[in-house]
Amino acid sequence: ESAGKESHLTHLHTTTMTDEATNDTPSNANDGCVGPTAESAGKESACDGCPNQGACSTGAFNSPEATQKEQLERASMERAFENVSHVVLVLSGKGGVGKSTLAAQLSHSLASRGYAVGLLDVDLCGPSAPRMAGVAHGQIHKSGSGAWTPVYAKPNLAVMSISFLLPDTDAAVVWRGPRKNALIQQFLTETDWEGDTGGLDYLIIDTPPGTSDEHISTVQFLQKANAVSGAVVVTTPEEVSMADVRKELNFCEKTKVPVLGVVENMATHHSKVTDLTFLQPDGTDVTQDALKQIREKCPEVLGLLASSDVFPSSGAGPEGMAAQYGLPFWGKLPLDTDLLKCCEVGKCFVEEHPESLAAKVLNGFVDRLTKALPVETVDTEMSK
């Protein structure tokens, strides 16, 4: 089993590229960069002091060879996305805020409504999408045309991740930028999303934290095909998170990625009273005695939800941050134990727990997404 995966990875060793060849604008370029392919590259006032000025001023990036290569890459990207209606990035400058949870459950929820959905995991060092989609042990194959066939969690939910290429789930990916860029380009250009659905209504892309190679490469590859529909930005309410998320919002502004909405995740913790653990101040577990007393003296409490803040909110919180940037605030997704369990086993939360508050919030997110990025037809039979 691992032999096939190793052969895929061996192929990647031979397809690396430099950041300059991958990106129109180098990630370390000055503000106001005209791009290395512009005729005035390396000669504008904005180029002064840029570490790329010498290379750009040679004209190597706008030579006939470089132009031809750019045209071929653009054509390849356009072909790859000709049957994909909308591409949505799930972003956050901060790690651990629930990007993968949101990406996976958006994908599940869209698929449950009959949309044809792809979930692409470009978090190369910490891929979570396969487990959250319920295909942790899936294998990808190459078709006769050389394209990768993704793993299908449902007939209308396809998943692609580096996890399917690794010899085992605990293998570490210790790669520098060029190799990451190469794999992302292959995922974007060599994955056959057509399947039995004839293409995708939505491709959801789960990204790693930060604004580094994976983000820059993904966005700039997609922009070659004008394929970036928008991004959903995820944060938790404390300033430690929002400080990094503001950097992500600035990244979106700089790279011209439309932000569809800001989501506040883990705003509060919700739990059934019957799922709580009751402790004495010294840590002694008195759950059974506490629940017994509640049943005897106040049984109606057993039907309530207990709620508590997980993080201290800073200032006006994520909603205020969204208003500051003039962006839609999609709402607050509570931390729900059942939601976490669904992610662990790869289930669709809104189907498993349709009456929960978190499911109603998630369905609201999907409503906003489909309203912002509508598709013409939906095959409801696919969701069954």
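Check the entry above for the structure.
Rules behind the numbers
Residues numbered from 1 in each chain as written. Predicted model: local features only at pLDDT ≥ 70, side-chain atom pairs only at ≥ 80, totals over all residues. Heavy atoms only, no water. Helix = DSSP H or I, 4+ residues; strand = E, 2+ residues; numbered from the N terminus. Buried < 20%, exposed > 50% of the residue type's maximum accessible area, 1.4 Å probe, protein only. Contact = heavy atoms within 4.5 Å. Areas by Shrake-Rupley, 256 points an atom, 1.4 Å probe, with all protein chains shown as cover. Salt bridge = Lys/Arg side-chain N within 4 Å of Asp/Glu carboxyl O. Core = buried A, V, L, I, M, F, W, Y, C linked by side-chain atoms within 4.5 Å. Arc of directions from axis to C-beta. Expected span 1.5 Å × (residues − 1).

**Things to note about the overall build of the protein chain**
Inference 1: Looking only at helices and strands, the protein chain features 14 helices and 11 strands.
Inference 2: Counting across all 384 residues of the protein chain, residues that qualify as buried make up 49%.
Inference 3: Excluding contacts between residues fewer than 6 apart, the proportion of contacts in the protein chain whose partners are at least 24 apart in sequence is 77%.
Inference 4: For the protein chain, the computed accessible surface area is about 17,800 Å², with 49% contributed by carbon and sulfur atoms.

**Things to note about unusual backbone geometry**
Inference 1: For Asn-226, which is not glycine, the phi torsion reads 50 degrees and is therefore positive.
Inference 2: One non-glycine residue, Lys-256, lies in the positive phi region at around 60 degrees.
Inference 3: Within the secondary structure, Lys-256 sits in the loop between helix H9 (239-254) and strand S9 (259-272).

**Quick notes on the environment of Gly-126**
Inference 1: Within the secondary structure, Gly-126 is located in the loop between strand S2 (117-121) and helix H6 (129-133).
Inference 2: On the accessibility criterion, Gly-126 (28% relative accessible area) is partly exposed.
Inference 3: When the C-alpha positions of Gly-126 and Pro-208 are compared, they lie 7.7 Å apart, and in sequence the two are 82 residues distant.

**A look at the pattern of salt bridges**
Inference 1: Within this structure, the stated rule accounts for seven salt bridges.
Inference 2: A salt bridge links Asp-244 to Lys-94; its shortest N-O distance comes to 3.4 Å. Here Asp-244, found in helix H9, pairs with Lys-94, found in the loop between strand S1 (84-91) and helix H5 (99-112); they are 150 residues apart in sequence, far enough to count as distant.
Inference 3: Of the charged contacts, one joins Lys-180 and Glu-214 as a salt bridge, the two residues approaching to 3.3 Å between their closest N and O atoms. Highlighted residues: Lys-180 in helix H7 (residues 177-190) and Glu-214 in helix H8 (residues 213-224), separated in sequence by 34 residues.
Inference 4: For Lys-180, a relative accessible area of 13% translates into the label buried.

**Here we look at the nonpolar core**
Inference 1: If you look at the biggest cluster of nonpolar residues, it comprises 89 residues, and the most contacted ones within it are Phe-81 and Ile-204.
Inference 2: Looking at which element gives the most residues to this core, the answer is helix H14 (residues 357-372), with seven residues.
Inference 3: Each residue touching Phe-81, except ones within four places of it in the same chain, is listed here: Val-87, Leu-188, Leu-203, Leu-222 and Ala-227.

**Observations concerning helix H10 (residues 287-297)**
Inference 1: For H10, every residue scored as buried is listed here: Thr-287, Ala-290, Leu-291 and Ile-294. Buried residues in H10, looked at end-on, bunch into an arc of 95 degrees, giving them a common side. Away from its buried face, by an angle of more than 90 degrees, H10 presents the exposed residues Gln-288, Asp-289, Glu-296 and Lys-297.

**Topic: the environment of Thr-218**
Inference 1: Structurally, Thr-218 is set in helix H8.
Inference 2: For the pair formed by Thr-218 and Gln-185, sequence separation is 33 residues and the distance between their alpha carbons is 7.6 Å.

**Re H14**
Inference 1: With 16 residues, H14 should reach 22 Å at 1.5 Å per residue; the first-to-last C-alpha distance of 23 Å fits that figure.
Inference 2: For H14, the complete set of buried residues consists of Ala-358, Ala-359, Val-361, Leu-362, Phe-365, Val-366, Leu-369 and Thr-370.

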